[in-house]
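In case you want the letters, here they are:
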Amino acid sequence: MTLVLNNVTKKFGTHTAVDNLSLEIPEKEMYGFLGGNGAGKTTTFRMILGLLDQTEGSITWNGDTIGYNKSHLIGYLPEERGLYPKLKVRDQLIYLGKLRGMTKQDALTELKHWLDRFKVPEYLDQKVEELSKGNQQKIQFISAVIHKPKLLILDEPFSGLDPINVEMLKDAVIDLKENGTSIVFSSHRMEHVEELCRHLCILHKGRQVVQGDLRDIKRAFGKKNLVIHAEDSLEFLQNYPGVVHYKSVAEGCELQIENESVSQSIFADLHNKGFIRKFDLEEPSLNDIFIEKVGASYE
Amino acid sequence: MNKFWIILSHTFMSRFKTKSFLISTLLTLALIVGLANIQTINDTFSGEDEADKIAVIDETNTLFTPLKQGTEQMNDMMELVQVTGTEEAAKDKVKDGEYAGLVTLSYNNDGIPQAVYYANTITQSGHQSVIQQQLQQIKVTIATQEAGIDQAALVDIQSPVSFEKVALDETAKTDEELNQARGIVYIMLFLLYISVITYGMMIAQDVANEKSSRVMELLISSASPVTHMFAKIIGIALLGLAQVSIFVGVGYALISSKKDELTGGIFEFFGLQDTSPSVYIYAVVFFILGYLLYATMAAMLGSLVSRVEEVQQFMTPMVFLVMIAFFIAMFGLDSPQSTFVTISSFIPFFTPMIMFMRIGMLDIPTWEIALSLGILIVTILILATIGARIYRGGVLMYGKSGSLKDIKKALALSKKD
């Protein structure tokens, strides 16, 4: 059940929201969609769901276009959360579950199971408007997964949650993936994507600037991060050849360097800089890659 | 189709269970029960009233008796009492409330009766005019007698002429039929007017609610916006049907239980007794089509709104259309043959009311009815197609909405480019 987007373009009048996007989302994978505000993530999701028609290109899932006849296989957590405020959680999710092809009984059983898992079984007969925002989000999440979808689209699933709830939802997402659900998920929180996704793409102004396997992306990026904690001033590194960024911190500095070999020459030049407590060569973070790639196209 | 029913029944039930629905249904029921019992209610309140006593000072000594007879015959809530004594004393009694009024009768110089009516206020014009009329009649009698005309001749003079209206066109409606038709047309126009506005508003509000609570995006990812839109329209239609059935059911039961009292009365007035069945069939057809036309419009307008508070504003153009149709139809009741009415009966937004009114009042050739129905159905289909597209784009549109220009934006959103 591979989801394939092939040269997909979406124009709103003269504005191009998504520009020639091609990607392949393998089955049982969690695929990360990164991008700033207005990068075209939500528009892409809406096209995958068939809420919007693409101007050009094709979107297929396992070779077929996605229509409403497949809606029982697809789960969606929209970025703009929305439930009926005046409806009880029970009635609400039975209705939404039925719309996804479930029977009333199945929907209720699943709902109870999820409420237990999220440790909020008492919400079953409460109105959604009476719940806190974070708890509403749990209900919203349940509405996206209650029918055990094969393809799950999560638009910013963790925004607005406290760290404990983020962990709870993250665990749920990982379980779903392990049980065979393909998950597409967007975020501007790099660490979430880094933690959860093996494959990802970065969108900027509708264009995809990075795409592929996270490890390959990092390898291809080349640049590394170097953290040095030392007693003496390290300011000479500011203009050191091969140093891209220099950031002074309380105990020393954090550098971004051209490639691994730069670290070795820095290491050699540190012998007379007093006591070195830390010398740490790190892989670049997704954050660095994002800033560089998206930042570059700003210029 | 399955999803259609799920949405339909959800729309129906969630409205059906609300307090406002319950209250409005009960209020209307109370009104119906009240109307059916209006005779009884009227009797209860007026039965214990005593007749108003009106004092009369008769200086002529001859006028009082015929005036009392005539007046009390015309209005049994009035009683004339002859008083003696001064005018001032009688006036005081009027002020004290012992008498409702005081009439002084006299002859003028020409021997013609004249009267002055005194009362605390002269707002009770009913009493005054009855007395005035009777006095006038007495005057006429006296005057004719004095002129030497005998009673028999007088009766001849006063008897009304015979004036009968006969339509030469054999199929044209008789005067009696017209009155009956007017009743049923009136009821149907009113019902359509109220239903379209009430249930149209409900649809628009429902759509706007789902949009503003942002649940809409979830819904249309499960079922197509078109399914959603029509499930809503039909769901509310069934709700309306349920409500109207309750009213009609209760109304019918009440009527059956007091048939004897009511025959004649209100029923004759509305012409419900012997209207031809075809008028009822047309009433149903035009009602359904009229509802569909306006409901589709309402759903479309509702889909453009981002916040529930804006529903009213967006519905205004539609409400105006309905009102215009209603007023033209009302005007047409008096002159159904005017060109203006004929033309407007073919304008699809007015057809349900005006064409039905013409069918009720006139004898319309079948082709005219067929043509107007055709135009109406085509319009509904076009509106449904465009409406569905606007709906599809509209439900994804948020932010400042303010004008009908949003229609263009919504159409653009649902298009491929």
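Residues numbered from 1 in each chain as written. Chains lettered and ligands numbered in written order. Predicted model: local features only at pLDDT ≥ 70, side-chain atom pairs only at ≥ 80, totals over all residues.

1. As for the overall build of chain A
The helix and strand tally for chain A stands at nine helices and 13 strands. For the C-alpha atoms alone, the extent of chain A along its principal axes is close to 75 × 45 × 30 Å. Residues counted as buried form 39% of the 299 residues belonging to chain A. (Helix = DSSP H or I, 4+ residues; strand = E, 2+ residues; numbered from the N terminus. Buried ≥ 20, exposed ≤ 12 C-beta atoms within 10 Å, placed from the backbone.)

2. Focus: the confidence of the model for chain B
Within chain B, residue pLDDT values average 81, and 88% of them lie at 70 or more. Predicted complex metrics record ipTM = 0.78 and pTM = 0.74. (pLDDT = per-residue confidence, 0-100.)

3. Looking at the nonpolar core
By size, the foremost hydrophobic cluster in this structure holds 140 residues, and its most contacted members are I153 of chain A together with I203, A295, A298, A299, M353 and F356 of chain B. Of the residues forming this core, the biggest block, 14 residues, is contributed by helix α13 (residues 277-303) of chain B. (Core = buried A, V, L, I, M, F, W, Y, C linked by C-beta atoms within 7 Å.)

4. Digging into the packing of helix α2 (residues 19-36) of chain B against helix α10 (residues 225-257) of chain B
All names here are of chain B. The contact between α2 and α10 brings their axes to 10 Å, and the two run at 25°. The angle between α2 and α10 falls in the class roughly parallel. Judged by the twist between their axes, the crossing of α2 over α10 is right-handed. Counting all contacts with α2, which are made through T25, T28, L29, I32, V33 and A36, the residues of α10 involved are Q243, I246, F247, V250, G251, L254 and I255. (Axes fitted to C-alpha atoms, helices over the stretch in contact; angles between N-to-C directions. Parallel < 35°, antiparallel > 145°, perpendicular 65-115°, else oblique. Left-handed = near helix turned anticlockwise from the far one by under 90°. Contact = placed C-beta atoms within 7 Å.)

5. What about the domain arrangement of chain B?
According to the domain assignment, chain B contains domain 1 (51-158) and domain 2 (172-414). Just the C-alpha atoms count here: the centres of domain 1 of chain B and domain 2 of chain B sit 56 Å apart. (Domains from an automatic or database assignment.)

6. A word on unusual backbone geometry
All names here are of chain A. Phi angles above zero are rare outside glycine, and K119 is one such case at about 60°. Mapped onto the elements, K119 comes out in the loop between α3 (104-117) and α4 (133-145). Despite not being glycine, K148 shows a phi value in the positive range, around 50°. Relative to the assigned elements, K148 resides in the loop between α4 and β6 (151-155).

7. What about the sheet that holds strand β1 (residues 52-58) of chain B?
Pairing between the strands of a sheet is mediated by backbone hydrogen bonds and can be parallel or antiparallel. Residues and elements named next belong to chain B. On the basis of which strands lie adjacent, the open sheet formed by four strands has the order β2-β1-β3-β4 and mixed pairing. Strand pairing shows two members of the sheet lacking a second neighbour, β2 (78-82) and β4 (113-118), which therefore form its edges. Across the sheet, the mean angle separating the axes of adjacent strands is 25° when strand polarity is ignored. Relative to β2, β1 runs parallel, the two being bridged by five bridges. For V56, the partnering residue across the bridge sits in β2 and is Q82. Across the sheet, helix α4 (residues 64-74) lies against β1, β2 and β3 (101-107), angled at about 165° from β2, the strand it touches most. (Pairing = 2+ DSSP bridges.)

8. Notes on the environment of Q313 of chain B
Residues and elements named next belong to chain B. Position of Q313 relative to the elements: it lies in helix α14 (residues 311-334). On the neighbour-count criterion, Q313 (13 C-beta atoms within 10 Å) is partly exposed. C-alpha of Q313 to C-alpha of E146: the two residues are 167 residues apart in sequence and 73 Å apart in space.

9. Quick word on the interface of chain A and chain B
The partner chain B presents 19 residues to the 23 residues of chain A that form the contact. Sorting elements by how many residues they give to the side of chain A that touches chain B places helix α2 (residues 89-99) of chain A first, with four residues. Per-class residue counts for the side of chain A that touches chain B are 12 nonpolar, five polar and six charged. (Nonpolar A, V, L, I, M, F, W, Y, C, P; charged D, E, K, R; others polar.)

10. What about the environment of Y123 of chain A?
All names here are of chain A. Assignment of secondary structure puts Y123 in the loop between α3 and α4. Y123 gets classed as buried once you count the C-beta atoms within 10 Å, which come to 21. Among all residues touching Y123, those that are not within four sequence positions of it are V89, L115, L131 and N135.

11. Examining α3 of chain A
Residue and element names in this part refer to chain A. For α3, with 14 residues, the first-to-last C-alpha span of 20 Å sits near the 20 Å given by 1.5 Å per residue. Of all the residues in α3, the buried ones are A107, L111, W114 and L115. The arc that holds the buried residues of α3, viewed along the axis, is 100°, so those residues lie on one side. Pointing more than 90 degrees away from the buried face of α3 are the exposed residues Q105 and D116. Here the buried face of α3 lies against α2 and α4. Once α3 ends, the next one or two residues include K119, with phi positive near 60°. (Expected span 1.5 Å × (residues − 1). Arc of directions from axis to C-beta.)

12. Quick look at the packing of helix α1 (residues 2-16) of chain B against α10 of chain B
Residues and elements named next belong to chain B. Remark: α1 packs on α10, axes separated minimally by 8 Å, with the N-to-C direction vectors making an angle of 45°. As summarised for this structure, α1 and α10 are arranged oblique, according to the angle between their axes. Relative to α10, the crossing made by α1 is right-handed. Contacts between α1 and α10 involve K3, F4, I7, L8, T11, F12, R15 and F16 from the former and T227, H228, A231, K232, I234, G235, I236, L238 and L239 from the latter. Class assignment for the residues of the contact of α1 with α10 results in 10 nonpolar, four polar and three charged.

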